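Notes for the structure review
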Amino acid sequence: MAKIRPLKSEGIPLLEEFLYQAIFIPQGLAPLPRSILKEPELEMYIKDFGQQPDDWALAAEVAGRLVGAVWVRIMKDYGYYNDRTPSLSISFLPEFRGQGLGQQLMTAMLDLLKSKGYPSVSLSVSKDNPAVGFYQRLGFVTVEEREDDYLMLCRL
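Thresholds applied
- Residues numbered from 1 in each chain as written.
- Predicted model: local features only at pLDDT ≥ 70, side-chain atom pairs only at ≥ 80, totals over all residues.
- Heavy atoms only, no water.
- Helix = DSSP H or I, 4+ residues; strand = E, 2+ residues; numbered from the N terminus.
- Rg over C-alpha atoms; globule rule 2.2 N^0.38 Å.
- Buried < 20%, exposed > 50% of the residue type's maximum accessible area, 1.4 Å probe, protein only.
- Contact = heavy atoms within 4.5 Å.
- Salt bridge = Lys/Arg side-chain N within 4 Å of Asp/Glu carboxyl O.
- Pairing = 2+ DSSP bridges.
- Core = buried A, V, L, I, M, F, W, Y, C linked by side-chain atoms within 4.5 Å.
- Expected span 1.5 Å × (residues − 1).
- Arc of directions from axis to C-beta.

With that settled, consider the overall build of the protein chain. Across its full length, the protein chain carries four helices and seven strands. Listing each helix as α and each strand as β along the protein chain from the N terminus yields β-α-α-β-β-β-α-β-α-β-β. Relative to the globule expectation of 15 Å for 156 residues, the C-alpha radius of gyration of the protein chain, 15 Å, shows essentially globular dimensions. Its C-alpha atoms give the protein chain principal-axis dimensions of roughly 40 × 40 × 30 Å. Considering the protein chain as a whole, with its 156 residues, one finds that 44% of them fall into the buried category.

Laid out in structure tokens, this is it:
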């Protein structure tokens with residue numbers, strides 16, 4: 001069982017690691033170089049995080065170690081839906097995946113966003129990512145199917 005808590009400002013640099021872990025690599029393909037995080041379309045997820053009013057982040061902690069994070073921000077990214085809908089990113093360190101922690105972390109974020117009055121939250125997910133079913137179970141629906149990914153939306 002993880003402890004879910006707001007990501008404190010000193011934890012923000014860890015979002016770089018969690019962003020890297022969030023990049024879906026299909027089975028059998030080599031991991032991408034970390035330098036990819038400096039590309040503008042990825043850097044926007046974490047650059048100056050916490051300085052915009054719609055930046056919210058929660059962390060999953062196990063035995064005092066941050067093992068996962070979920071964060072949202074309103075930005076024109078792959079998960080962009082509209083200017084009132086934050087885009088969501090979630091990831092875990094590899095050894096903490098598949099243990100039910102994601103459900104705990106996502107539910108906490110959905111509750112937080114609901115309490116802040118957001119109408120919905122969106123995300124982009126690769127079509128071949130097994131997480132598609134996980135998002136559907138949490139109430140996300142596909143609003144746009146693109147060549148490689150789905151734009152999914154959860155009404156809060």
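So, next bit.
Moving on, we get to the side chain of Arg5. Within the secondary structure, Arg5 sits in strand β1 (residues 3-6). When near neighbours in sequence (up to four residues on either side) are disregarded, Arg5 contacts Leu58, Ala59, Glu61 and Leu66.

Further remarks concern the pattern of salt bridges. Taken as a whole and assessed by the stated rule, the structure comprises eight salt bridges. Arg65 serves as the salt-bridge partner of Glu95, at 3.2 Å between the closest nitrogen and oxygen. With Glu95 in the loop between β4 (87-92) and α3 (101-115) and Arg65 in strand β3 (residues 65-73), this residue pair connects regions lying 30 residues apart in the sequence. Classification of Arg65 by relative accessible area gives partly exposed; the value is 39%.

Below, the discussion takes up the pairing of strand β2 (residues 56-62). The element β2 is largely enclosed, with a buried count of five among its seven residues. Relative to β2, β1 is paired through four bridges, and the arrangement is antiparallel. The partner of Ile4 across the bridge, within β2, is Ala60. Where β2 and β3 come together, seven bridges link them in antiparallel fashion. The residue bridging Ala60 from the neighbouring strand is Gly68, located in β3.

A word on the nonpolar core. If you look at the biggest cluster of nonpolar residues, it comprises 47 residues, and the most contacted ones within it are Trp71, Leu88, Met106, Tyr135 and Phe140. Of all the secondary structure elements, the ones that give two or more residues to this core are α1 (15-22), β2, β3, β4, α3, β5 (120-126), α4 (131-137) and β7 (149-155). In this structure Met106 touches Val70, Leu88, Ile90, Phe134, Tyr135, Leu138 and Phe140, once residues within four positions along its chain are discounted.

Turning next to α1. All of the buried residues in α1 are Leu15, Phe18, Leu19, Tyr20 and Gln21. Those residues of α1 that are buried are in contact with α2 (40-43), β3 and β4.

A few words now on α3. The end-to-end C-alpha distance of α3 is 21 Å, a good match for the 21 Å that 15 residues give at a rise of 1.5 Å each. Among all positions in α3, only Leu101, Gly102, Leu105, Met106, Met109, Leu110 and Leu113 are buried. One face of α3 carries all of its buried residues, which in axial projection span an arc of 160°. Within two residues after α3, Gly117 carries a phi angle of roughly 90°, on the positive side.

Quick look at the environment of Tyr20 now. Topologically, Tyr20 is positioned in helix α1. Remark: the alpha-carbon pair of Tyr20 and Ala30, spanning 10 residues in sequence, is separated by 13 Å. Among all residues touching Tyr20, those that are not within four sequence positions of it are Pro31, Leu32, Pro33, Arg34 and Leu37.

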